[in-house]
Amino acid sequence: MSKVLVSDPIDQVGIDILSQVAQVDVKTGLSPEELVRIMPEYDALMIRSGTRVTKEIIEAGKQLKIIGRAGVGVDNVDVPAATRQGIVVVNSPEGNTIAAAEHALAMMLSLSRHIPDANASVKSGQWDRKSFIGTEVYKKTLGVVGLGKIGSHVATVAKAMGMKILAYDPFISVERAEELDARLVELDLLFQEADYITLHIPKTPETTHLINAEALAKMKPTTRIINCSRGGIIDEAALAEVLKEGKIAGAALDVFETEPLGESSLKSLGKNLVLTPHLGASTAEAQVNVAIDVAEQIRDVLLGLPARSAVNIPGLRPDVLEKLRPYLQLAETLGNMVGQLAGGRIDSLNIRLQGELATNQSQPLIVAALKGLLSQALRERVNYVNASIEAKERGIRVIETRDASIRDYSGSLHLEAQGTLGEHSVTGALLGDGEIHITSIDEFPINVPPSPHMLFTLHRDMPGIIGNIGSLLGSFNVNIASMQVGRKIVRGDAVMVLSLDDPLPEGILSEITKIPGIRDAYTVTL
Ligand SMILES: NC(=O)C1=CN([C@@H]2O[C@H](COP(=O)(O)OP(=O)(O)OC[C@H]3O[C@@H](n4cnc5c(N)ncnc54)[C@H](O)[C@@H]3O)[C@@H](O)[C@H]2O)C=CC1
Ligand SMILES: O=C(O)CCC(=O)C(=O)O
């Protein structure tokens, strides 16, 4: 019989589902060393946010087939390590949406009406009404950062409470914002105008410390901030400072840079700060939803069936998956690249399946390309199941064509996207050894494998240009791992693709475009 380890508290309904097919051991509070030691016994691992599933734990799981995260964020799982071992990682992208949205709204109202401190005051025997004069949210402006599932529900309810909604989300269409009666604005304007700011975004390199000293300085003294998304999006030291000095009116935090929250300057603040211990998903309903969602998927995978909400591997029959796996990776990589080249808000994606990929069984490749395209915006929320729906909801027009006559590789994919940064295309194929190669960018022929940090330029093919870019990058201590130029005619337009050892430091891109002959420059991070 299969064995499942449940290493965080999970609703009993999930345990009951797992018990239909497996022996279930609930062992919470294990140390990383204990987890590594016992992992070889288990076929499946079910967690919430409490267990950090490291590479060491995954590698110890010699029989492990699936890791189930009863919630949305899989940032506590080393997903690439799991993928390398062919272990499916599943989550519950929507099971706790309402719970998290309601917690953010509850935090906004608690903060406005000093409910936590007033409660403590009454319980300590006082009847102090003067100290707890609050503010109303009616007719105030709410700035929603991240208009995804949770942000949209917060916006809808806040609207019903009479609030005006501003939203910042570079990946959401104006039409979607209009449906929610929200005005899409730039972040600076939101910082300047909002009375309340609520964060509903994933934690990514771009969103880490999005709310820092500089951002806080743009806010009104009456602004209140709510964070029920991820710790680290707010710079806690900078926030504590402005709260102490009364430069903004208050904050309510459910998530922290380090959890559990240890020593912190936040703890000494008064009624202008409300703190909860990552309770966003902690409702009876959400815990039942996520437990069912994830336990059913673990049960199915243990029975040899596909998972419906896999973050890393699509829900296909194992034999079909085995054949398609390299091409799915190709499609996802190309989708991710073209999404970044074309910019945040994508209007359309043209996918051309070429050569032997131009068959009717190629639907999963379209889905993989969309998953890659949306991954910058949605991170772990996008999977092989919801990618098409998410694209539709975001108003992305998807056009697929097939051309079996193109035979430069046995099968290749050509993706063309129209977005905020214009129209861009990328073609890729698999080499004999299964390695992905990018074979054209914006119709210029090249031949490079994708790498984690890439820089692309569109420039005039003229002497000295390569040297100028090299010197500029060198002056910022950026090391070039490889470089290739693609051109159609001598001294015409050309593209340059550079693989860099490190991410491009901020500000260099605009310096690159100042080099004579460079028309445009883009970075892609994979
Ligand atoms: N406190 C808690 O217990 C819970 C926290 N969460 C967290 O809440 C967050 C939001 O979750 P969902 O709404 O389900 O995700 P979602 O994927 O539906 O929405 C996220 C939105 O953020 C947008 N976005 C991405 N990068 C952005 C950027 N740089 N600036 C502005 N917007 C950006 C995306 O376009 C997307 O619309 C996630 O971080 C999730 O992990 C979710 C559930 C419970
Ligand atoms: O499991 C929990 O309570 C945390 C939920 C959460 O943060 C998530 O689902 O992303």
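Rules of the game
- Residues numbered from 1 in each chain as written.
- Chains lettered and ligands numbered in written order.
- Predicted model: local features only at pLDDT ≥ 70, side-chain atom pairs only at ≥ 80, totals over all residues.
- Heavy atoms only, no water.
- Helix = DSSP H or I, 4+ residues; strand = E, 2+ residues; numbered from the N terminus.
- Rg over C-alpha atoms; globule rule 2.2 N^0.38 Å.
- Buried < 20%, exposed > 50% of the residue type's maximum accessible area, 1.4 Å probe, protein only.
- Contact = heavy atoms within 4.5 Å.
- UniProt positions renumbered as here; feature names shortened; annotations may be inferred.
- Axes fitted to C-alpha atoms, helices over the stretch in contact; angles between N-to-C directions.
- Parallel < 35°, antiparallel > 145°, perpendicular 65-115°, else oblique.
- Left-handed = near helix turned anticlockwise from the far one by under 90°.
- Phe/Tyr/Trp six-rings, centres within 6.5 Å; stacked < 30°, edge-to-face > 60°.
- Lys NZ or Arg CZ within 6 Å of the ring centre and 35° of its normal.
- Core = buried A, V, L, I, M, F, W, Y, C linked by side-chain atoms within 4.5 Å.
- Domains from an automatic or database assignment.
- Pairing = 2+ DSSP bridges.
- Near = heavy atom within 4 Å.
- Polar contact = N/O pair within 3.5 Å; in protein donor to acceptor, adjacent residues only side chain to side chain.
- Areas by Shrake-Rupley, 256 points an atom, 1.4 Å probe, with all protein chains shown as cover.
- Nonpolar A, V, L, I, M, F, W, Y, C, P; charged D, E, K, R; others polar.
- Expected span 1.5 Å × (residues − 1).
- Arc of directions from axis to C-beta.

Caption draft 1: Summary view of the overall build of the protein. Broken down by element type, the protein carries 17 helices and 22 strands. By the compact-globule yardstick of 24 Å for 526 residues, the protein fits well, its C-alpha radius of gyration being 25 Å. The buried share of the protein, reckoned over its 526 residues, is 52%. Sequence-distant contacts in the protein: of pairs separated by 6 or more residues, those separated by 24 or more amount to 64%.

Caption draft 2: Quick look at the UniProt feature "domain: ACT" (unreviewed entry) in the protein. Residues annotated in UniProt with the feature "domain: ACT" (unreviewed entry) correspond here to residues 454-526. Span residues 454-526 is 23% helix and 42% strand, its end C-alpha atoms 8 Å apart.

Caption draft 3: View of the packing of helix α1 (residues 12-19) against helix α12 (residues 284-302). One can describe the packing of α1 onto α12 by two numbers: an axis separation of 8 Å at closest approach and a directional angle of 15 degrees. For the element pair α1 / α12, the angle class is roughly parallel. Every pair of crossing elements has a handedness; the one defined by α1 and α12 is right-handed. In this structure, α1 uses V13, G14, I17 and L18 to contact α12, whose residues at the interface are V288, A291, I292, A295, E296, I298 and R299.

Caption draft 4: Quick look at the packing of aromatic side chains. Counted according to the given criterion, the structure contains 0 aromatic pairs. Across from the ring centre of F444, 4.5 Å away, lies the NZ or CZ of K488, which sits over that ring.

Caption draft 5: Just the nonpolar core, in detail. Core analysis: the largest hydrophobic core is formed by 49 residues, its most contacted members being L349, L413, L415, I441 and F456. It is helix α13 (residues 318-342) that provides the largest number of residues to this core, a total of 11 residues. Of the domains in this structure, domain 3 (316-449) and domain 4 (451-526) are the two that each give at least three residues to this core. If we ignore the near neighbours within four places in the chain, the residues touching L413 are L330, A331, L334, I351, R352, L353, L357, V426, T427 and G428.

Caption draft 6: Representation of the sheet that holds strand β13 (residues 346-355). The strand order across the open sheet formed by 6 strands is β14-β13-β15-β16-β17-β18, and the pairing between neighbours is mixed. Sheet topology places β14 (397-403) and β18 (444-448) at the edges, where each strand pairs with a single neighbour. Taking each pair of neighbouring strands and ignoring which way they run, the sheet shows an average axis angle of 20 degrees. In terms of strand pairing, strand β15 (residues 411-419) meets strand β16 (residues 422-430) through 8 bridges, oriented antiparallel. The partner of E416 across the bridge, within β16, is S425. Packed onto the sheet, helix α14 (residues 363-378) meets β13, β14 and β15 and runs at close to 140 degrees relative to β13.

Caption draft 7: Structural view of the packing of helix α5 (residues 97-113) against helix α7 (residues 149-160). The geometry of α5 relative to α7 is characterised by a closest axis approach of 9 Å and an angle of 50 degrees between their N-to-C directions. Classified by the angle between their axes, α5 and α7 sit oblique to one another. Helix-helix and strand crossings are classified by hand; for α5 and α7 the assignment is right-handed. On the side of α5, the interface is formed by T97, I98, A100, A101, A104 and L105, while α7 contributes K149, I150, H153, V154, V157 and A158.

Caption draft 8: Spatial organisation of the site of ligand 1. K149, I150, D169, I201 and R381 are the nearest of the 28 residues found near ligand 1. The side chain of R230 places a nitrogen or oxygen atom 3.3 Å from an oxygen atom of ligand 1. The contact in question runs from a nitrogen atom of ligand 1 to an N or O atom on the side chain of D254, over 3.0 Å. Burial of ligand 1 by the protein chains amounts to 96% of its free accessible area of 870 Å². Contributions of two or more residues to the shell around ligand 1 are made by α7 and α14. Among the residues forming the shell around ligand 1, the class breakdown is 14 nonpolar, 8 polar and 6 charged. Looking at which domains feed residues into the shell around ligand 1, each of domain 2 (97-275) and domain 3 (316-449) gives three or more.

Caption draft 9: Layout of α5. With 17 residues, α5 extends 25 Å between its outermost C-alpha atoms, agreeing within 8% with the 24 Å of an ideal straight helix rising 1.5 Å per residue. Of all 17 residues that make up α5, 12 are buried, and the element is covered over most of its length. Within α5, burial applies to T97, A99, A100, A101, H103, A104, L105, M107, M108, S110, L111 and S112.

Caption draft 10: Main features of α1. Of the positions making up α1, those classed as buried are G14, I15, I17 and L18. Taken end-on, α1 shows its buried residues confined to a sector of 160 degrees, consistent with a single buried face. Buried residues along α1 sit against β1 (2-6), β2 (22-26), β3 (44-47) and α12. Capping the start of α1 is the job of one residue whose side-chain oxygen sits 3.0 Å from the backbone nitrogen of V13: D11.

Caption draft 11: Region of the structure containing the site of ligand 2. Surveying the vicinity of ligand 2 reveals the residues R48, S49, R69, A70, G71, V72, G73, N96, R230, H278 and A281. In this structure, an oxygen atom belonging to ligand 2 sits 2.7 Å away from a side-chain N or O atom of R48. Protein chains bury 92% of the 290 Å² of accessible surface belonging to ligand 2 in isolation.

Caption draft 12: Representation of the sheet that holds strand β19 (residues 453-460) within the structure. Strand order across the open sheet formed by 4 strands is β20-β21-β19-β22, with antiparallel pairing between neighbours. A strand with exactly one partner marks an edge of an open sheet, and here the two such strands are β20 (480-487) and β22 (518-525). Each strand of the sheet is rotated relative to its neighbour by a mean of 15 degrees, with strand direction disregarded. Bridge count for β19 against β22 is 7 bridges, and the pairing is antiparallel.

Caption draft 13: Summary view of the side chain of D43. Here D43 lies in the loop between α2 (32-38) and β3. The buried category is assigned to D43, whose relative accessible area is 7%. Here the side chain of D43 touches K3 through a polar contact of 2.7 Å, landing on its backbone nitrogen. When near neighbours in sequence (up to four residues on either side) are disregarded, D43 contacts S2, K3, Q63, L64, K65, I66 and L302.

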